[in-house]
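Structure assessment
Listed below, chain by chain, are the residues.
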Amino acid sequence: MISDIYTSLSHDIRTPLTSLDGYFQLLETSNDPQEQERYISVIEERIGSLKDMLEELFLFTKLKNDSYHIEK
């Protein structure tokens, strides 16, 4: 079960990273300012999504940790 979770998590993180890499490559090769702005916008959106996903993972693992106590 843990192996399946790691496999799924790895895939969920690697997919947006691969996409980011592709958009950075397109950005580097583009000379069109409008195209560059579009690529930057997509990159910012993907980074935001990845940050949200990692924050959810961090919160989940923190809440599942027996040593974490919620203050009332």
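Scope of this entry: the structure provided in the associated data block.

What counts, and at which threshold
- Residues numbered from 1 in each chain as written.
- Predicted model: local features only at pLDDT ≥ 70, side-chain atom pairs only at ≥ 80, totals over all residues.
- Heavy atoms only, no water.
- Helix = DSSP H or I, 4+ residues; strand = E, 2+ residues; numbered from the N terminus.
- Buried < 20%, exposed > 50% of the residue type's maximum accessible area, 1.4 Å probe, protein only.
- Areas by Shrake-Rupley, 256 points an atom, 1.4 Å probe, with all protein chains shown as cover.
- Lys, Arg positive; Asp, Glu negative; His and termini not counted.
- Charge placed at Lys NZ, Arg CZ, Asp CG, Glu CD.
- Expected span 1.5 Å × (residues − 1).
- Polar contact = N/O pair within 3.5 Å; in protein donor to acceptor, adjacent residues only side chain to side chain.
- Core = buried A, V, L, I, M, F, W, Y, C linked by side-chain atoms within 4.5 Å.
- Contact = heavy atoms within 4.5 Å.
- Phe/Tyr/Trp six-rings, centres within 6.5 Å; stacked < 30°, edge-to-face > 60°.
- Patch = residues over 30% accessible without salt bridge, like charges linked within 9 Å, V, L, I, M, F, W, Y side chains within 5 Å.
- Salt bridge = Lys/Arg side-chain N within 4 Å of Asp/Glu carboxyl O.

1. So, the overall build of the chain
Looking only at helices and strands, one finds two helices and zero strands in the chain. For the chain, the spread of C-alpha atoms along the principal axes amounts to about 55 × 35 × 10 Å. The burial tally for the chain puts 12% of its 72 residues in the buried class. Of the roughly 6300 Å² that the chain leaves accessible, carbon and sulfur atoms contribute 55%. The average position of the 7 basic charges and that of the 14 acidic charges among the side chains of the chain differ by 8 Å.

2. Some details on helix α2 (residues 33–64)
For α2, which comprises 32 residues, the first-to-last C-alpha distance of 46 Å matches the rise-based estimate of 46 Å (1.5 Å per residue) to within 8%. Residues of α2 that are buried: Y39, V42, I43 and L50. Two to three positions downstream of the cap, the backbone nitrogen of Q34 sits 3.1 Å from a side-chain oxygen, assigning the N-cap of α2 to D32.

3. Describing the nonpolar core
Listed in full, the five residues of the largest apolar core are L20, L27, Y39, I43 and L50. Broken down by secondary-structure element, the contributors of at least two residues to this core are α1 (2–29) and α2. Examining the composition of this core, we find that three residues originate from one element, α2, more than from any other. Residues contacting L27, with those up to four places away along its chain left out, are Q36, Y39, I40 and I43.

4. Some words on the packing of aromatic side chains
Tallied over the full model, the rule gives one aromatic pair. With a centroid separation of 6.0 Å and an interplanar angle of 55°, the aromatic rings of Y23 and Y39 are classed as tilted. Taken together, the residues span a long stretch of sequence, with Y23 in helix α1 and Y39 in helix α2 at a distance of 16 residues. Owing to a relative accessible area of 7%, Y39 belongs among the buried residues under this scheme.

5. Digging into a nonpolar patch on the surface
A surface patch of nonpolar side chains, amounting to about 390 Å² of accessible area, comprises L59, L63, Y68 and I70. Of note, I70 is situated in the segment after α2.

6. With respect to the environment of T15
Looking at the secondary structure, you find T15 in helix α1. Spatially, the C-alpha atom of T15 lies 21 Å from that of M1, the residues being 14 residues apart in sequence. Within the structure, T15 has its side chain in polar contact with the backbone oxygen of H11 (distance 2.9 Å).

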